[in-house]
Structures are given as structure tokens and as C-alpha cells.
Amino acid sequence: MENIMDKIYINNLEFIAYHGVFPEEKKLGQKFLVSAEMTTSTREAGKTGNLKKSTHYGLVANDIGEIFTGKSIDLIETCAEEIAEMILTKYPLISEVKVTVKKPWAPLQMHFENVAVEITRKRHTVYLSIGSNMGDKKQNLLTAIEKIGLIKHTTVTKTSTIVETEPFGVKEQDDFLNACLEIKTLLYPHELLEELLKIEEEMGRKRIKKWGPRIIDIDILLFDKEVIEDDDLAVPHPWMCDRSFVLDPLCEIAPNVVHPLEKKTIFNLKRVLDEILDEKENEILS
């Protein structure tokens, strides 16, 4: 996909609202200025004159007004988050948004222009691997897919074919059913991980033995182009390039996605792994 660099700006919408932690702020109200910088592609709309190929800034402004004046909120940080979530959820052509909330009448005992909060939020593309080798394996995968689609601000956009594979690591167990998903989410990596672990727990996952049987296993393979290495999460998944049960279904839905560390497409990673496995099989046969 081509890089999208176009912007639509809404600058300094002015509202009288009742946000703040002090009682007088909630009672008397004060002025706020709200701006939104929205990343999108205006190319097709600009070439054709078709407004449906762009995002109507007037509608966005009205929606911002409804959120901002609809209730009293303690923190302008919360105001900014709710506006960003609304824009990214309601307007699918917007891939990223920067929201600024200025508070020129903030209760400070000194001269100042305003206090402000500025946040940038975006819609993330994430690839997941799911697997099961206990009970009704196919139904376990379908249930997991359904539950993933119910995570707040998350949509399952692609699902691979379900494949049957031999167990990895510990061989003395039933074969697995595996699949890969593409999802779009507004959650950050660790927020998404927390939701996926909840699904595993709800479905009865017990972490007793490494590489042992499991009713459901959900792994984050790729999260945008990010590289994450901490105690709780490693992205890209550190073993994904060595596992056919990951690369085969992932290649079906994302062949041209580039691994941010290997700098190769999923298609090419699968081809390399297939060649390695073929060589090993030939060695065994010979």
C-alpha cells in the first residue's frame, strides 16, 4: 500500500463546556479549543470530486461537539481520548489522528496562554496465530475468532484457512488445528495482549507444560511494523519464521507483509522455510 501522507485539519473549534476536577469548573463552565489533524488519502477525492472518497470535516466537527459538550469529564486527557476513538471508529478512511485540547481558562495563578493535551492515535494492523489440539478443535478456533472480534475497538478483517499440523516441540499429543487472523484495532500492544490472555483464560487454557496440549493458543505475530522486546511480549513473534503452521496460513492472508527484522515478505520467509524442510526430509530419506 502506498504511504498515506495527506492531512485534513480542523483547527481550534471553540466550546463552552464543564470539564475539570474542581467543582467551580463543573458548575460555571469555561472555554476550550479543540483541534484534529487527520491522516488520510485525499487523492481519489481530489481527482474525482467525489466527497464519498474523503472525510467530511463538517460531520467530524459536529461529532466532536457532541462528545465534548455532552457530559462533564474530569480530565482533558479523557476528552482527547474519546474524540480520537470516535474519529477512528466512525470514519474508516482516517488512519491516524492527532487531537489537541486547549484550556485557556485553566485555574492557574499566573499569566499563561493555555494549557493543552495533544495525543496521536492510529488504527493498528495486527496478525495473530491461533491453535487448538484439545476437545472440539475447530469449534475452539471459531469461538476464539468470535471473541477476538468482540474486543473493544477491534475487528477481525481476514481469516486464513484452518490447517491441521503436527505438534511442535512435544510430539506425544494430538495434532493441532491452526489458523491466522488479521485484525484492526485501536488498542496498544500490551492492551491487546491482556485481552487475548483473558480470552484464553475464559476458554479454559491452562499453562501447565511448555509446548503441551492446549484448548486454545493465541499469539501476536506482528503488530504494525513495531519491534517489541520486554518481559511480557516479543513482537515479531520470535519463532514464527521457523514454524510452517504459522507461515503457511499467514502467507495466505498476508503474503506481501514485510517482517520488520528479517526484512523479507511472509511469502519469501515461507519459501526459505519450505526449502530448509525439504532438504531435511531428503537427508532423512537418503
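J.: Just checking my understanding: could you explain the overall build of the chain for this structure?
T.: Scanning the chain from N- to C-terminus turns up eight helices and 11 strands. For 286 residues, the compact-globule estimate of 2.2 N^0.38 gives 19 Å, and the chain exceeds it by more than 25% at 24 Å. Taken along its principal axes, the extent of the C-alpha atoms in the chain is 80 × 50 × 35 Å. Taken over 286 residues, the chain has a buried fraction of 43%. The contacts of the chain with a sequence gap of at least 6 include a subset with a gap of at least 24, amounting to 65%. As presented, the chain carries roughly 16600 Å² of accessible surface, and 51% of it is formed by carbon and sulfur atoms. Separation between the mean location of the 37 positive side-chain charges and that of the 49 negative ones in the chain comes to 4 Å.

J.: I keep staring at a negative patch on the surface and nothing clicks. Help me out?
T.: A cluster of like negative charges, contributed by Glu164, Glu166, Asp174 and Asp175, occupies part of the molecular surface. With respect to the helices, strands and loops of the structure, Asp175 is situated in the loop between strand S7 (163-165) and strand S8 (176-185). Its relative accessible area of 31% is what places Asp175 among the partly exposed residues.

J.: What's the story with the environment of Asn114 in this structure? I'm lost.
T.: Note that Asn114 resides in the loop between strand S3 (96-103) and strand S4 (115-122). Owing to a relative accessible area of 26%, Asn114 belongs among the partly exposed residues under this scheme. With 59 residues separating them along the chain, Asn114 and Gln173 place their C-alpha atoms 64 Å apart. Apart from residues lying up to four places away in sequence, Asn114 is in contact with Lys102, Lys103 and Pro104.

J.: Any chance you could explain the pattern of salt bridges here in plain terms?
T.: Oppositely charged side chains can pair when the atoms bearing their charge come close. This model, assessed by the stated rule, comprises 14 salt bridges. The salt bridge partner of Glu81 is Arg121, with a shortest N-O separation of 2.5 Å. Taken as a pair, Glu81 in helix H4 (residues 76-90) and Arg121 in strand S4 lie far apart in primary sequence, 40 residues in all. Using a relative accessible area of 28% as the deciding quantity, one classes Glu81 as partly exposed. The residue Asp217 makes a salt bridge to Arg214 at a minimum N-O spacing of 3.2 Å. According to the relative accessible area criterion, Asp217 is buried, its value standing at 14%. Linked through salt bridges whose partners overlap, the residues forming this network are Lys7, Glu37 and Lys98.

J.: Quick question: what am I supposed to make of the side chain of His19 here?
T.: If you trace the backbone, His19 turns up in the loop between strand S1 (6-17) and helix H1 (23-28). Only 2.7 Å separates the side chain of His19 from the backbone oxygen of Phe68, close enough to count as a polar contact. Of the polar contacts made by the side chain of His19, one reaches the backbone nitrogen of Ile73; its length is 3.1 Å.

J.: For this particular structure, what's the right way to read helix H6 (residues 189-202)?
T.: End to end, H6 covers 20 Å across 14 residues, agreeing with the expected 20 Å (1.5 Å per residue, within 8%). Residues of H6 that are buried make contact with strand S5 (124-132), helix H5 (137-149), S8, strand S9 (217-223) and strand S10 (228-229). One or two steps after H6, the chain reaches Gly204, where phi turns positive at roughly 95 degrees.

J.: Help me understand H5, please; the structure alone is not making it clear to me.
T.: Each α-helix turn comprises 3.6 residues. Residues three or four places apart therefore point the same way. The end-to-end C-alpha distance of H5, which contains 13 residues, comes to 19 Å, matching closely the 18 Å that a straight helix rising 1.5 Å per residue would cover. Within the span of H5, buried status applies to Lys137, Asn140, Leu141, Ala144, Ile145 and Ile148. Viewed end-on, H5 has its buried residues packed into an arc of 135 degrees, placing them on one side of the element. Exposed and oriented more than 90 degrees from the buried face of H5 are Lys138 and Glu146. Of the surrounding secondary structure, the elements contacted by the buried residues of H5 are S5, strand S6 (154-159), S8, H6 and S9.

J.: Which parts of the structure should I look at to understand unusual backbone geometry?
T.: Across the chain, the bulk of peptide bonds are trans and the bulk of non-glycine residues have phi less than zero. Residues Val235 and Pro236 are joined by a peptide bond in cis, for which omega reads 0 degrees. Residue position: Pro236 is located in the loop between strand S11 (234-235) and helix H7 (244-253). Despite not being glycine, His153 shows a phi value in the positive range, around 60 degrees. By the secondary structure assignment, His153 is in the loop between H5 and S6. One non-glycine residue, Asp224, lies in positive phi territory at about 50 degrees. Tracing the chain through its elements places Asp224 in the loop between S9 and S10.

J.: Looking at this structure, I do not really get a nonpolar patch on the surface. What am I missing?
T.: There is a patch of nonpolar side chains on the surface, built from Ile16, Tyr18 and Trp105 and spanning about 330 Å² of accessible area. Within the secondary structure, Trp105 is located in the loop between S3 and S4.

Rules and cut-offs
Per chain, the residues get numbers from 1 upward, laid out in the order the sequence is written. Only residues with pLDDT of at least 70 get local features here, since the model is predicted, and only at 80 or more are side-chain atom pairs given and counted; chain-wide, interface and lining totals rely on the full set of residues. The basis for every side-chain value is the complete set of heavy atoms in the structure, and neither hydrogens nor water enter the calculation. Put simply, DSSP H or I for four residues or longer makes a helix, DSSP E for two residues or longer makes a strand, and each gets a number counted from the N terminus. Radius of gyration here is computed from C-alpha atoms only, and the compact-globule reference equals 2.2 Å multiplied by the residue count raised to the power 0.38. Whether a residue is buried, partly exposed or exposed follows from its accessible area with a 1.4 Å probe, protein chains only, as a fraction of its type maximum: under 20%, in between, or over 50%, in that order. Whether two residues are in contact is decided by their heavy atoms, any of which lying within 4.5 Å being enough. Note that accessible areas follow from Shrake-Rupley with a 1.4 Å probe, and for residues the cover is restricted to the protein chains shown. As used throughout, the charge tally considers Lys and Arg to be positive and Asp and Glu to be negative, leaving His and the chain termini uncounted. Charged side chains are reduced to one point each, which is NZ for Lys, CZ for Arg, CG for Asp and CD for Glu. The patches reported here contain residues having more than 30% relative accessible area and no salt bridge. Joining distances are 9 Å for like charges and 5 Å for nonpolar side chains (Val, Leu, Ile, Met, Phe, Trp, Tyr). Only one rule defines a salt bridge in this text: a Lys or Arg side-chain nitrogen within 4 Å of an Asp or Glu carboxyl oxygen. Polar contacts here mean pairs of N or O atoms no more than 3.5 Å apart (in protein, one a potential hydrogen donor and the other a potential acceptor; neighbouring residues in sequence count only if both atoms are side-chain atoms). Each helix should span, by expectation, one fewer than its residue count multiplied by 1.5 Å. By arc we mean the arc of the directions from the helix axis to the C-beta atoms, nothing more.

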